[in-house]
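Here is how the chains run, residue by residue.
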Amino acid sequence: MGSLRWLSQAHRVEAFPPPHEALSEPNGLLAAGGDLAPERLLAAYSQGIFPWYQEGQPILWWCPDPRAVLWPSALKVSL
């Protein structure tokens, strides 16, 4: 089991640890901190990493295994 990497706003936006280093407990927790700047979000999303944020708390970055993927062309929404 690895350790959680803390990001500062000064870290390069692509400074996420590799997704395979995500914790197994809790499943997929990869990093904390940083910011929600568009550049950081794009860098995260391109690696399968997403933020979970609650006001007053640090930003948590996740990459769980397995991931759920919704293909827009296959999505059917019932009314």
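Parameters and conventions
- For every chain, the first residue of the written sequence is number 1, and numbering continues from 1 along that sequence.
- Reporting of local features is limited, given that this is a predicted model, to residues whose pLDDT is at least 70; pairs of side-chain atoms are given and counted only at 80 or more, and all residues count toward the totals for whole chains, interfaces and linings.
- In computing side-chain values, all of the structure's heavy atoms are included and hydrogens and water are not.
- Aromatic rings from Phe, Tyr and Trp, with only the six-membered ring used for Trp, were paired whenever their centres fell within 6.5 Å, and each pair was classed as stacked if the ring planes differed by under 30 degrees, edge-to-face if by over 60, and tilted otherwise.
- In this description a helix means any DSSP run of H or I spanning at least four residues, a strand means any run of E spanning at least two, and both kinds are numbered starting from the N terminus.
- The cut-offs for exposure are 20% and 50% of the maximum accessible area for each residue type, with area from a 1.4 Å probe on protein chains only; residues under the lower value are buried, those over the upper are exposed, and the others partly exposed.
- Salt bridges are counted wherever a side-chain nitrogen of Lys or Arg sits within 4 Å of a carboxyl oxygen of Asp or Glu.
- Residue-level confidence of the predictor is what pLDDT reports, using numbers from 0 through 100.
- In this description, the arc belongs to the directions extending from the helix axis to the C-beta atoms.
- Between two residues, a contact is recorded if the distance between any of their heavy atoms is within 4.5 Å.
- Residue types Ala, Val, Leu, Ile, Met, Phe, Trp, Tyr and Cys, when buried and joined through side-chain atoms within 4.5 Å, form a set referred to as a nonpolar core.
- Strand pairing is assigned whenever DSSP detects at least two bridges linking the two strands.

Caption draft 1: The packing of aromatic side chains, seen in detail. What the rule picks out here adds up to one aromatic pair. Measuring from centroid to centroid gives 4.9 Å for phenylalanine 16 and tryptophan 61, while their planes differ by 65 degrees, and the two rings are edge-to-face. With phenylalanine 16 in the loop between strand 1 (5-7) and strand 2 (29-33) and tryptophan 61 in strand 4 (residues 60-62), this pair connects stretches of sequence that are 45 residues apart. Judged by its relative accessible area of 6%, phenylalanine 16 falls in the buried class. Classification of tryptophan 61 by relative accessible area gives buried; the value is 0%.

Caption draft 2: Looking closely at unusual backbone geometry. The linkage connecting glutamate 25 with the following residue, proline 26, adopts the cis geometry, with an omega of -5 degrees. Here proline 26 lies in the loop between strand 1 and strand 2. Each neighbour pair has its own omega, and for aspartate 65 with proline 66 the value is 5 degrees, a cis peptide bond. Take proline 66: it is sitting in the segment after strand 4.

Caption draft 3: The pattern of salt bridges, seen in detail. Tallied over the full model, the rule gives one salt bridge. Note that aspartate 35 is salt-bridged to arginine 40, the shortest N-O span being 2.8 Å.

Caption draft 4: Spotlight on the confidence of the model for the protein chain. This prediction gives the protein chain a mean pLDDT of 89; 96% of its residues lie at or above 70. When mean pLDDT is taken per element in the protein chain, strand 4 scores highest with 97 and strand 1 scores lowest with 90.

Caption draft 5: Focus on helix 1 (residues 38-45). When helix 1 is considered as a whole, its buried residues turn out to be Arg40, Leu41, Ala43 and Ala44. Viewed along the axis of helix 1, the buried residues span an arc of 165 degrees, placing them on a single side of the element. Of the exposed residues in helix 1, those oriented more than 90 degrees away from the buried face are Pro38, Glu39 and Leu42. Contacts made by the buried residues of helix 1 are with strand 1, strand 3 (50-52) and strand 4.

Caption draft 6: Looking closely at the nonpolar core. Core analysis: the largest hydrophobic core is formed by 10 residues, namely Leu7, Phe16, Leu30, Ala31, Leu41, Ala44, Ile49, Ile59, Trp61 and Cys63. Every element with two or more residues in this core is listed here: strand 2 and helix 1.

Caption draft 7: How the structure looks around the pairing of strand 2. Here strand 2 lies mainly inside the structure; five of its five residues are buried. For strand 1 and strand 2, the ladder comprises three bridges, and the chain directions are parallel. Note on strand 2: the bridge partner recorded for leucine 7 is glycine 33. Of the pairings in the sheet, the one linking strand 2 to strand 4 comprises three bridges and is antiparallel in character. When the bridges of strand 4 are listed, alanine 31 appears paired with tryptophan 61.

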